[in-house]
Amino acid sequence: RELQEELGINLPKDAFEFVFTFLQQNVINDGKFINNEFADVYLVTTLNPIPLEAFTLQQTEVSAVKYIAYEEYKNLLAKDDPSFVPYDVNGGYGQLFNIISQRYKENTMERSLTLQKQLRRYAHVSLNAELAGLSDADKEALVLVIKAATVMDEIFYLQVWYSNPVLRDWLKEHADASELDKLKWMYYLINKSPWSSLDENEAFLTTADSAVKLLPDATKPVNGWKGLEYKASFPLPKPPGANFYPPDMDKMEFELWKSSLTEKQQEDATSFFTVIKRRSEFNLDSSLSGHIVDATNHSVGSIYDLYSVPYSEEYNSYLTRASELLHKAGDMASSPSLKRLLHSKADAFLSNNYYDSDIAWIELDSELDVTIGPYETYEDAIFGYKATFEAFIGIRDDKATAQVKLFGDNLQVLEQNLPMDNAYKSKDVIAAPIRVIQLIYNSGDVKGPQTVAFNLPNDERIVKDRGTSMVMLKNVSEAKFKNILRPIADVCIRKEQQELVDFDSFFTHNICHECCHGIGPHSITLPDGRQSTVRL
């Protein structure tokens, strides 16, 4: 808003890269103006300078616009030049110059070597699964399900960060430009974002690597100038709320807003399947774009700026496509339980109610095994409320599934033998189906190190009513054993004991780990008597 008012430039939110907050304290105008505030600093990266005649200055606020090298600007601030608003370059604001300096002193060889080293930490494997057991109808259904799974990928990229899809497309388009660009794209494909999963989410890219976007109408027109070109930004620290919440929202603001809501509205706010937005941002986006938008749903009388939007609305265009594909696949599927799963999941995508489809997933009994939808909440590092979309598609391994049935049938025995007070043990643990599959495709929230198993759903209502189900990815487990555990064992285990390191033991350990998700306290009573859950 300030940029538009003072310089006449209209930019969307993906142009602004938040870099840091600092405490600004100074006295100017002969003591008439005392500044004592926390200031957020944003960086806008344009491809070329904006022509000076493109600016529309707010005369009461801005006397002139000029371009200046950042080193010269830093020196003028250090000398307290009276022409400029004072900033302490040795204090918090000085970070800006360090960030710019580091970003544009790029050593291509050094970056390439770093990315090569990061890539070498991953082993490339080919997953094979036998499709002979599938009927022709199920093979046709499989093609449609995989197409729906690619839509989960598209949604997940958007859930991570709002400019992430644009970054992905840019890196892909420019992957052949140089060896460094190829390495950037290869490592991005693994992490599905500019943040490295194996390095505590440290950024391996910066906004300088990002997509160029053209805005012809960002300023008043200038003859011979096609318009403002900027880099779609992302912050160096991975946003803890991903793209589920406004980037500047903190826990306190959310909790204050939540406390003002009705019980039903609180359920929506903390739901797995909603995103949280700002009314002021909605109104600003509408005004900057010049569009008149019906904001009835976003301006209900409230002193708070936040509101919730269901996934079925936020990702409607994607979920409509996925829903159509799953309905078609459901029509073709030969297994009644697979038909039920695909049709109910297709309906859930548009209704935002996943209860029935998750029950259908628990009860799935089909050669073609499908897990698709919003499940895990790891990307939401603020609360762990919001679920990311994912898909795992595989062929059931009947022999291995029969072998592990023992574990799922004996969860109650495991529960009763947990080393904790009996008051916390459940008397009615439901036997958990365990399905062993050979994975043939996964998508969505499957970045970085690959999972070998999962226990779902996470919805405590379903856990209480019907329990959970486990899926073991046997060929992924075999790949991990061969490429990770075996080499570790060769280094760490005495030679005469290395023959005892075998895949069956490793696989059994993974099964036991997954069983632990299904036992132990889920619903709990807090000291004040309120009912809650361990997850919350």
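The preceding data block contains the structure.
Source: prediction; values computed, not measured. Going along each chain's sequence as written, the residues are numbered from 1 onward. Only residues with pLDDT of 70 or above have their local features reported here, since the model is predicted, and side-chain atom pairs are shown and tallied only from 80 upward, although totals for entire chains, interfaces and linings are computed over all residues. Heavy atoms throughout the structure, all of them, feed into the side-chain values; hydrogens and water do not.

1. Things to note about the overall build of the chain
Secondary structure elements are taken from DSSP: a helix is a run of H or I of four residues or more, a strand is a run of E of two residues or more, and numbering for both begins at the N terminus. Counting secondary structure elements, the chain contains 19 helices and 15 strands. The principal-axis extents of the C-alpha atoms in the chain amount to approximately 80 × 60 × 50 Å. To sort residues, take the accessible area from a 1.4 Å probe on protein chains only and compare it with the maximum for the residue type: under 20% means buried, over 50% means exposed, and anything in between is partly exposed. In the chain, buried positions account for 46% of the 536 residues. Across the chain, contacts joining residues at least 24 apart in sequence account for 69% of those joining residues at least 6 apart. We get accessible surface area from the Shrake-Rupley algorithm with a probe of 1.4 Å; when it comes to residues, only the shown protein chains can shield them. Summed over its atoms, the accessible surface of the chain is roughly 28,400 Å², and 53% of this surface lies on carbon and sulfur atoms. We count Lys and Arg on the positive side and Asp and Glu on the negative side, and we leave His and both chain ends out. In plain terms, the charge of a residue is placed at NZ if it is Lys, CZ if Arg, CG if Asp and CD if Glu. If the 54 positive side-chain charges of the chain are averaged to one point and the 78 negative ones to another, these points end up 3 Å apart. Contact between two residues is taken to exist if any of their heavy atoms lie within 4.5 Å; hydrogens are not considered.

2. Details of the packing of aromatic side chains
Side-chain rings of Phe, Tyr and Trp (the six-membered ring for Trp) are treated as a pair once their centres are within 6.5 Å; stacked means planes under 30 degrees apart, edge-to-face means over 60, and tilted covers the remaining angles. One pass over the full model with this rule turns up 35 aromatic pairs. Aromatic ring contacts, followed pair by pair, group F20, F22, Y73, F84, Y87, Y93 and F97 into a single cluster. When the ring centre of W361 is taken as origin, the NZ or CZ atom of R435, which lies over that ring, is 4.7 Å away. Charge over a ring is defined by NZ of Lys or CZ of Arg lying within 6 Å of the ring centre and within 35 degrees of the ring normal.

3. Points about the environment of T274
In this fold, T274 is placed in strand β7 (residues 274-278). Residue T274 is classed as buried on the basis of its relative accessible area, which comes to 4%. For T274 and V41, which are 233 residues apart along the polypeptide, the C-alpha to C-alpha distance reads 29 Å. In this structure T274 touches D268, A269, S308, V309, P310, Y311 and K386, once residues within four positions along its chain are discounted.

4. Overview of the pattern of salt bridges
Put simply, a salt bridge is a Lys or Arg side-chain nitrogen that is within 4 Å of an Asp or Glu carboxyl oxygen. Inspection of the entire model under this criterion finds 30 salt bridges. The salt bridge partner of D169 is R168, with a shortest N-O separation of 3.0 Å. Look at D169 and you get partly exposed, because its relative accessible area is 42%. A residue is classified by how much of its surface remains accessible, and R168, at 17% relative accessible area, is buried.

5. Describing the nonpolar core
What is meant by a nonpolar core is a set of buried Ala, Val, Leu, Ile, Met, Phe, Trp, Tyr and Cys residues, joined one to another through side-chain atoms within 4.5 Å. In terms of nonpolar packing, the biggest core is built from 89 residues, with M152, Y245, F254, Y315, F349 and F389 touching the most fellow members. With 10 residues, the top contributor of residues to this core is helix α5 (residues 136-160). Residues in contact with F349, not counting those within four places in the same chain, are M152, S312, L319, A322, S323, L326, Y354, I372, G373, P374 and F389. Among the nonpolar cores identified, the runner-up in size contains 21 residues, and L167, L180, L205 and F234 belong to it.

6. Comments concerning the sheet that holds strand β9 (residues 368-374)
Read from one edge of the open sheet, five strands run β9-β10-β11-β13-β12, paired in mixed fashion. Only two strands of the sheet have a single neighbouring strand rather than two, namely β9 and β12 (453-456). Between one strand axis and the next, the sheet turns through 35 degrees on average, direction left out of account. Paired strands are those between which DSSP finds at least two bridges. Across seven bridges, β9 lies against strand β10 (residues 389-396) in antiparallel orientation. Paired with T371 across the two strands is F392, which belongs to β10. Orientation is described by axes fitted as lines to C-alpha atoms, over the contacting stretch for helices, and by angles from 0 to 180 degrees between their N-to-C directions.

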